[in-house]
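# Results of the structural survey
Listed below, chain by chain, are the residues.
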Amino acid sequence: MQQREARKAGNVSDGLLKFSDAEFELLLDCVRCGFCLVSCPVFTQTFDEVDSPRGRIHLLRALAERRISITQTLLNHLYSCLACRACQATCPSGVRYAFITELARAELERKGFGVTKRNKLLRLLIRHVFPYRKRFELLIRFVEACRKAGLISMVKRFENFSIFPKALREWLQIEEMLPSTRAKRAFYDGRTVIKPRQKQRMKVGFLLGCASEVLLKDVNEASIKVLLELGCEVIIPEEQTCCGAIAMHTGFDEDAKRFAKRNIEAFERYDVDAIVSNAAGCSTAMKEYAQWLNDDEAFKERAKKFSQLVYDWTEIVAQLPFYEHMKPLPLRVTYDDPCHLLHAQGIREEPRKLIRAIPSIEFVELPEAEMCCGGAGVHGMLFRELSMELLERKLKNIKETCAQVVVTANTGCKLQLQYGIKKHGLNVRVMHIAELLALSFGV
Ligand code: SF4
Ligand code: SF4
């Protein structure tokens, strides 16, 4: 209260991080109760207050009040946050943690303290490659060619990476996270409108996504086939682009807003009943376009309308008569909640309902299913050690379930889990929920 009054009286100076009065007020909503601490995957690894949601809010406030200055250590604490939103879902005071950190990251980026400032290659990829499907595909082809020619394994034979130039070291770290994949043609390639075979129930716009379309095309194929089987006409606008989530999380808010506008224009041409994504990070981002473009007079209303139409794939499928299409799958299955589905969208029951409905499935709950797997967009490439620690924790829990299949509902999580399972030689298959349903549907 005193802080609010002091600021109103002009006693709190504007720090290096510029927040508007309304934004600064959001920082003051945190009453430092600490309820969020145990839900934070980073805090529960490091047990360091400055790696907790409460600690980070405190740091941001201290920065805004010019009580501390920006150091690399401070930036590491701020950026080690996975943006998983577990804290926000737990907070009894309704602190808008995700919104606050996105504002702060954008401001830090503008001031020259962005998270990717020290990793020029990743910065280039985030801004100019990952969001553009053709460029992303070219990158993957290049990586595959290097792997085939044995160049990567040759370089990795050197134990002391420090002898290599920084750019090459950065590249090797990124390469390790990119899965092996073959260029694949799918039945929906080049098609904008795909009609269901039976009676049409609804018209659904489908976001292909960047990682899904380039690295996990099978997941997109399964997602679209299930929608068609359930009587959806599927619209895939050619002009669609990246959802903007990674740009927003890494401080490139203007890029993110540009992508949002392009998607709004692309989908609003088709008068769809729903806009669907099979990646929880993308569906979360699109649900937030209304918030992103709230200050943009030309797009404000259009963004609101767009966001109201957005559903996660699991959400829409759970509303359709899926039971009648399911055939038995005698498998022991567990489910890992994607952070952006559970914490950001509050979707917990729908995926479980879909999995449990499959005849003969033996469903077993995963311990700590709500904890981040460490993928978190590009976080795993920036904070490798932390990401691997979280992945190890997740794999240990998966092993405990003795499941044959671990199901997730997000492409980023699927990539991270696949990476860990392959690395540790575990006998567990990772499936996106759309793949599991497509298998049960026999499509
Ligand atoms: S963010 Fe919320 S839960 Fe965490 S300390 Fe602040 S008020 Fe408490
Ligand atoms: S978003 Fe996730 S990682 Fe970041 S502070 Fe909240 S719980 Fe921790």
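Below is a summary of the structure that appears in this document. Keep in mind that this is a model prediction, so the values were computed, not measured. (Residues numbered from 1 in each chain as written. Chains lettered and ligands numbered in written order. Predicted model: local features only at pLDDT ≥ 70, side-chain atom pairs only at ≥ 80, totals over all residues. Heavy atoms only, no water.)

## Section: the site of ligand 1
For clarity, the threshold we go by: The cutoff for a nearby residue is simple: one of its non-hydrogen atoms must lie within 4 Å of the molecule or strand. Residues are sorted three ways: Asp, Glu, Lys and Arg are charged, Ala, Val, Leu, Ile, Met, Phe, Trp, Tyr, Cys and Pro are nonpolar, and all the rest, Gly among them, are polar.
Close contacts around ligand 1 come from 13 residues, with Cys30, Cys33, Gly34, Cys36 and Cys91 the closest. Looking at the shell around ligand 1 residue by residue, the class counts come to 9 nonpolar, 2 polar and 2 charged.

## Digging into the environment of Met388
Rules: A run of DSSP states H or I qualifies as a helix once it reaches four residues; a run of E qualifies as a strand once it reaches two. Both are numbered from the N-terminal end.
Turning to its location among the elements, Met388 is positioned in helix 23 (residues 384-401). Measuring from C-alpha to C-alpha, the distance between Met388 and Gly420 comes to 8.4 Å, with 32 residues separating the pair along the chain.

## A look at the packing of helix 13 (residues 217-229) against helix 25 (residues 433-441)
How we decide: Fitting a line to C-alpha atoms yields each axis, with helices limited to the stretch in contact; the angle taken between N-to-C directions then spans 0 to 180 degrees. Orientation is classified from the angle alone, with under 35 degrees giving roughly parallel, over 145 giving roughly antiparallel, 65 to 115 giving roughly perpendicular, and any other angle giving oblique. Rotating anticlockwise by less than a right angle from the far helix to the near helix defines a left-handed crossing, while the corresponding clockwise rotation defines a right-handed one. Every residue pair with non-hydrogen atoms within 4.5 Å of one another is taken to be in contact.
At their nearest, the axes of helix 13 and helix 25 sit 8 Å apart, and the two run at 50° to each other. In terms of axis orientation, helix 13 runs oblique to helix 25. The chirality of how helix 13 crosses helix 25 is left-handed. Where helix 13 abuts helix 25, its residues Asp218, Val219, Ala222, Ser223, Val226 and Glu229 lie against Ala434, Glu435, Leu437, Ala438 and Phe441. Its residues placed into classes, the contact of helix 13 with helix 25 shows 7 nonpolar, 1 polar and 3 charged.

## Looking at the packing of aromatic side chains
To be explicit about the condition: Each aromatic pair joins two rings of Phe, Tyr and Trp (for Trp, the six-membered one) with centres within 6.5 Å, and gets the label stacked for planes under 30 degrees apart, edge-to-face for over 60, and tilted for any other angle. Relative accessible area decides the class of each residue, using a 1.4 Å probe on protein chains only: under 20% of the type maximum gives buried, over 50% gives exposed, and in between gives partly exposed.
Counted under the stated rule, the structure contains 8 aromatic pairs. With a centroid separation of 5.7 Å and 85° between ring planes, the pair formed by Phe187 and Tyr188 is classed as edge-to-face. Tyr188 sits in the buried class, given a relative accessible area of 2%. Centre to centre, the rings of Phe322 and Tyr323 are 4.4 Å apart; their planes meet at 25°, and the pair counts as stacked. Owing to a relative accessible area of 1%, Phe322 belongs among the buried residues under this scheme. Judged by its relative accessible area of 54%, Tyr323 is exposed. An aromatic cluster of at least three residues, connected via ring pairs, comprises Phe267, Tyr289, Trp292 and Phe306.

## Concerning the pattern of salt bridges
Threshold: Throughout this description, the term salt bridge denotes a Lys or Arg side-chain nitrogen within 4 Å of a carboxyl oxygen of Asp or Glu.
Counted according to the given criterion, the structure contains 31 salt bridges. Between Asp255 and Arg127 there is a salt bridge; the shortest N-O distance is 2.9 Å. Of this pair, Asp255 sits in helix 15 (residues 253-268) while Arg127 sits in helix 8 (residues 120-128); the two residues are 128 residues apart in sequence, bridging distant segments of the chain. Across the pair Lys414 and Glu435 runs a salt bridge whose closest N-O atoms are separated by 2.6 Å. You can see Lys414 sitting in helix 24 (residues 411-423) and its partner Glu435 sitting in helix 25, a full 21 residues away along the chain.

## Some points on the site of ligand 2
Contacts to ligand 2 come from 13 residues, most closely from Cys40, Arg56, Cys81, Cys84 and Cys87. At the level of secondary structure, the elements contributing two or more residues to the shell around ligand 2 comprise helix 4 (53-64) and helix 6 (86-90). When grouped by side-chain class, the residues that make up the shell around ligand 2 number 11 nonpolar, no polar and 2 charged.

## Regarding the nonpolar core
Within soluble globular proteins, side chains that are nonpolar tend to cluster in buried spots. We count it as follows: Throughout, nonpolar core names a set of buried Ala, Val, Leu, Ile, Met, Phe, Trp, Tyr and Cys residues whose side chains join them through atoms within 4.5 Å. Source of the domain bounds: an automatic or database domain assignment.
Judged by nonpolar contacts, the single largest core of 47 residues is most densely connected at Phe206, Leu227, Trp313, Val317, Ile355 and Leu437. Per element, the largest residue contribution to this core is 6 residues, and it comes from helix 25. Three or more residues apiece are contributed to this core by two domains, here domain 3 (193-317) and domain 4 (325-441). The contacts of Leu437, once residues within four sequence positions are left out, are Val226, Trp313, Val317, Met326, Leu354 and Ile358.

In short, shape yes, function no, at least from these values alone.
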